[in-house]
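Residue strings, one per chain:
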Amino acid sequence: MTMFLSCQEQMLPGATLLAKWDFARRAGFDAIELRGKGDLAFRERLPELRQAKAAGVVMPTVCVEMTHFIGDFDAGRRRDAIKNMASQLSVIAELEGVGAMTPASWGMFSYRLPPFVPPRSAHEDRHVLMDALGELGEHAKREGVVLLLEPLNRYEDHMVNRLDQAVDLIKATGTDGVRIGADTYHMNIEEASPMDALRQAAPWLGHVQVSDSNRLEPGAGHLDWWQLLSTLKEIGYTGSLAMECRLSGPPEDVLPKVPPLFR
């Protein structure tokens, strides 16, 4: 098996998943990465997703799209995020996919802005995340998929910014139901050597999202995609590369330019 390229569904033209799939295939993509909204909305899409799967749409992963996440400061919101992620893992398992991706949090706190001191200690952060990852990792194992933990840059999350931090948490949980979902944009900000970080995290790498240095589509910034592909091949990565980014122009013009970068 070799790496394949997917595109998140919201970037693809078309009113339905089948229409988006038709465009994606013509543009050179191999799969669609889904987006999982809160309030169990992803589970409510099951009739649509089942129909798409029966029609041949390849949907290996779902990336969470919620207002709160598994590391939230509020226990109720944290519990709701865990419930939604468990549901998304079950749905992606039914679609015979690989896993569901989530950060520890997004936009909840930054050391770079007042008040500069979070309401929870680093020890408490770790305890909260290990509880959530342990529970969801075991659920993922039962479903035959993986939870994908995504490190975000320091301006978006204060808890998990680098691949080695994700590795440390995954190892501490003791479950192989959690893997890393790496994102080239965040790595460009946080990793001293992104390629070395991938090499060191290779045994725990489950998914890779791609966007360029400026959060636009690959090819619109300064990242070296040949180097990324070479490194992923070197470490034996055979999963998908999923586009998660903004677009520099109309999708009909921009998206077909991306797949040739990865062939």
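Quick note: structure is the one above.
Residues numbered from 1 in each chain as written. Predicted model: local features only at pLDDT ≥ 70, side-chain atom pairs only at ≥ 80, totals over all residues. Heavy atoms only, no water.

### Description of the sheet that holds strand E6 (residues 178-183)
Our working definition: Here, strands pair whenever DSSP counts at least two bridges between them. Helix and strand labels come from DSSP, where a helix needs a run of H or I of at least four residues and a strand needs a run of E of at least two; each type is numbered from the N terminus. To obtain an axis, a line is fitted to C-alpha atoms, over the contacting stretch when the element is a helix, and the angle between two such axes runs from 0 to 180 degrees between their N-to-C directions. Contact criterion: two residues are considered in contact whenever any of their non-hydrogen atoms come within 4.5 Å of each other.
Reading around the circumference, E1-E2-E3-E4-E5-E6-E7-E8 is the order of the eight strands in this closed barrel, with parallel pairing throughout. If you compare each strand with its neighbour and ignore which way they point, the axes differ by 30 degrees on average. Set on the sheet, helix H5 (residues 122-143) makes contact with strand E5 (146-150) and E6; between it and E5 the angle comes to about 145 degrees.

### Description of the packing of aromatic side chains
Describing an aromatic ring pair means giving the distance of the ring centres and the angle of the ring planes. Selection rule: Working definition: a ring pair exists when centres of Phe, Tyr or Trp rings (six-membered ring for Trp) sit within 6.5 Å. Plane angles under 30 degrees give stacked, over 60 give edge-to-face, the rest tilted. Categorising residues by exposure relies on relative accessible area from a 1.4 Å probe, with only protein chains included: less than 20% of the type maximum marks a residue as buried, more than 50% marks it as exposed, and the intermediate range marks it as partly exposed.
Tallied over the entire structure, the rule returns two aromatic pairs. Residues phenylalanine 109 and tyrosine 111 carry aromatic rings whose centres are separated by 5.4 Å and whose planes lie at 90 degrees to one another, so their mutual orientation is edge-to-face. According to the relative accessible area criterion, tyrosine 111 is partly exposed, its value standing at 38%.

### Here's the deal with helix H6 (residues 163-173)
Condition: Note: the arc covers the axis-to-C-beta directions of the helix.
Of all the positions in H6, only Leu163, Ala166, Val167, Leu169, Ile170 and Thr173 are classed as buried. Taken around the axis of H6, the buried residues stretch over an arc of 165 degrees, which confines them to a single face. On its buried side, H6 packs onto H5, E5, E6, helix H7 (184-190) and helix H8 (194-201). A positive phi of about 75 degrees marks glycine 174, the residue just after H6.

### Some thoughts on the nonpolar core
Definition in use: The nonpolar core is taken to be a set of buried Ala, Val, Leu, Ile, Met, Phe, Trp, Tyr and Cys residues, with the residues joined through side-chain atoms within 4.5 Å.
Formed by 72 residues in total, the largest nonpolar core has its most connected members in Phe29, Leu34, Ile70, Ile180, Leu198, Leu232 and Leu241. Residue contributions to this core peak at eight residues, all from helix H4 (residues 75-94). Aside from chain neighbours lying at most four places away, what touches leucine 241 is Met3, Phe4, Leu5, Ser6, Val208, Val210, Leu229, Leu232 and Phe262.

### As for the side chain of glutamine 8
Structurally, glutamine 8 can be placed in strand E1 (residues 4-8). Glutamine 8 has contacts with Glu33, Arg35, Cys63, Gln209, Met243 and Glu244, leaving out every residue within four places of it along the chain.

### Description of the pattern of salt bridges
Once their charged atoms are close, side chains differing in charge can pair, the charge on each being opposite to the other. Inclusion rule: Just to be clear on terms, a salt bridge is a Lys or Arg side-chain nitrogen sitting within 4 Å of an Asp or Glu carboxyl oxygen.
Tallying each qualifying case throughout the model produces 19 salt bridges. A cluster of three or more residues bridged by salt bridges with shared partners is formed by Arg35, Glu65, Asp183, Arg215 and Glu244.

### A word on helix H1 (residues 17-27)
Of all the positions in H1, only Leu17, Lys20, Trp21, Phe23, Ala24 and Ala27 are classed as buried. One side of H1 carries all its buried residues, which in axial view fall inside an arc of 165 degrees. Structurally, H1 contributes buried residues whose contacts are with strand E2 (31-37), helix H3 (46-54) and helix H10 (251-254). Residue glycine 28 follows H1 closely and has a positive phi angle near 105 degrees.

### A look at the pairing of strand E7 (residues 205-210)
Consecutive residues of a regular strand have side chains that alternate between opposite faces of the sheet. Stated formally: Note on handedness: a clockwise path from strand one over the helix to strand two, with the strands aimed away from the viewer, defines a right-handed crossover.
In terms of burial, E7 is a largely internal element, five of the six residues being buried. As paired elements, E6 and E7 share four bridges and run parallel to each other. Paired with alanine 182 across the two strands is valine 208, which belongs to E7. In terms of strand pairing, E7 meets strand E8 (residues 240-243) through three bridges, oriented parallel. Within E8, the position partnered with valine 210 by the bridge is methionine 243. Once you follow E7 into helix H9 (residues 225-234) and on to E8, the crossover reads as right-handed.

### Describing unusual backbone geometry
Put simply, proline 114 and proline 115 share a cis peptide bond, and its omega is 10 degrees. By the secondary structure assignment, proline 115 is in the loop between strand E4 (99-103) and H5. One non-glycine residue, aspartate 39, adopts positive backbone phi at about 55 degrees. Tracing the chain through its elements places aspartate 39 in the loop between E2 and helix H2 (41-44).

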